[in-house]
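Report on the structure
Spelled out from the first residue to the last, the chains are:
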Amino acid sequence: MLDNMNSGDEAKALKRLKQDKPDTFYRLRKYYFTFSDLMRTPRQVLSNALREVDRGFIGKSLCNTPDEFKLHVLTSLPPKLKALAREDLKRSEGRIAAADIDNARRQIVHKIREYIAVGKFSMDQLQQAQQKASP
């Protein structure tokens, strides 16, 4: 059900679940990767995964995200892919439909979930990245 929602609705549903059924929320979040989790994903994992995604999705997915988020994702990319993603972002931001942005984000999230499914990455690593960033 959550997979078929746009990222805004998904965030609202997760927030409501956290308020109404916190135990269920925390069990789900041990396995359920969201686009916002990219910010806490190690750069090496992002680099590898984003090389396997259609490059056109990278720039589009970053539309309407905070600069810090864009920077985290873009700095994880190899130079050539980073330049292409920046170009796509400039061309797309403010000019494409929200549905196209959500589709691009969904493609990236599915790739990271594939990594989780085959053991190349785990949500535990995500939490470790968060803990390292916290004082």
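None of these values were measured; they are calculated from a predicted model.

To continue, consider the overall build of the protein chain. A tally of helices and strands in the protein chain yields eight helices and zero strands. Secondary structure of the protein chain in N-to-C order comes out as α-α-α-α-α-α-α-α. A globule of 135 residues ought to have a C-alpha radius of gyration of about 14 Å, and the protein chain, at 15 Å, matches this closely. Projecting the C-alpha coordinates of the protein chain onto the three principal axes gives extents of approximately 40 × 30 × 30 Å. Put simply, 76% of the contacts in the protein chain that link residues at least 6 apart link residues at least 24 apart. Here the protein chain displays about 8300 Å² of accessible surface, and carbon together with sulfur accounts for 50% of that area. One finds the centroid of the 26 positive side-chain charges in the protein chain at a distance of 3 Å from the centroid of its 17 negative side-chain charges.

Take the nonpolar core next. Counting residues in hydrophobic clusters, the biggest one holds 26 residues, and the most contacted among them are Phe33, Leu38, Leu50, Leu77, Ile112 and Phe121. Those elements giving two or more residues to this core turn out to be α3 (43-51), α5 (67-75), α6 (79-92), α7 (98-118) and α8 (123-133). For this core, the leading source of residues is α7, giving five residues.

All chains considered together, the criterion is met by nine salt bridges. For lysine 111, the salt bridge identified is with glutamate 52, shortest N-O distance 3.3 Å. Note that lysine 111 is positioned in helix α7 and glutamate 52 in the loop between α3 and α4 (55-61), a separation of 59 residues in sequence. For lysine 111, a relative accessible area of 13% gives the class buried. A salt bridge links aspartate 88 to arginine 91, with the shortest nitrogen-to-oxygen separation between them at 2.3 Å. Of this pair, aspartate 88 and arginine 91 both sit in helix α6, three residues apart, which is roughly one turn of that helix. Since its relative accessible area comes to 46%, arginine 91 is described here as partly exposed. Each of Arg55, Glu87, Asp88 and Arg91 takes part in a single network of salt bridges with overlapping partners.

Let's shift gears to the environment of methionine 123. Following the sequence through the fold, methionine 123 ends up in helix α8. Between the C-alpha atoms of methionine 123 and threonine 41, which are 82 residues apart in sequence, the distance is 8.9 Å. If we ignore the near neighbours within four places in the chain, the residues touching methionine 123 are Arg29, Lys30, Tyr31, Tyr32, Phe33, Asp37 and Ile116.

Relative to each other, α3 and α5 sit at 70°, their axes nearing to 8 Å. Taken together, the axes of α3 and α5 are roughly perpendicular relative to one another. Touching Arg43, Leu46 and Leu50 of α3 are His72, Val73 and Thr75, all from α5. Tallied by class, residues from the contact of α3 with α5 come to three nonpolar, two polar and one charged.

What counts, and where the lines are drawn
- Numbering of residues begins from 1 in every chain and follows the order in which that chain's sequence is written.
- Note on the predicted model: pLDDT of at least 70 is required for a residue's local features to be given, and 80 or more for side-chain atom pairs to be given and counted; whole-chain, interface and lining totals, by contrast, use all residues.
- Water and hydrogen atoms play no part in the side-chain values, which are based on all heavy atoms of the structure.
- Each helix is a run of H or I in the DSSP string that is no shorter than four residues. Each strand is a run of E no shorter than two, and both are numbered from the N terminus.
- Two things to know: the radius of gyration comes from C-alpha atoms, and the globule rule equals 2.2 Å times the number of residues to the power 0.38.
- Only heavy atoms enter the contact rule, under which two residues are in contact if any of them lie within 4.5 Å.
- The Shrake-Rupley method, run with a 1.4 Å probe sphere, supplies the accessible areas, and residue values consider only the shown protein chains as cover.
- When charges are counted, Lys and Arg contribute as positive and Asp and Glu as negative, whereas His and the chain ends are disregarded.
- For this purpose, a charge sits on NZ of Lys, CZ of Arg, CG of Asp or CD of Glu.
- Only buried residues count toward a nonpolar core. Its members are Ala, Val, Leu, Ile, Met, Phe, Trp, Tyr and Cys residues joined through side-chain atoms within 4.5 Å.
- Buried residues are those whose accessible area, probed at 1.4 Å on protein chains only, stays under 20% of the maximum for their type, while exposed residues exceed 50% and partly exposed ones sit between those limits.
- Note on definitions: salt bridges are taken to be side-chain nitrogens of Lys or Arg within 4 Å of carboxyl oxygens of Asp or Glu.
- All axes are obtained by fitting lines to C-alpha atoms, using only the stretch in contact for helices, and the reported angles, taken between N-to-C directions, cover 0 to 180 degrees.
- Roughly parallel here means an angle under 35 degrees, roughly antiparallel means over 145, roughly perpendicular means 65 to 115, and every remaining angle is called oblique.
- Gly is put with the polar residues, along with every residue not named as nonpolar or charged; the nonpolar set is Ala, Val, Leu, Ile, Met, Phe, Trp, Tyr, Cys and Pro, and the charged set is Asp, Glu, Lys and Arg.

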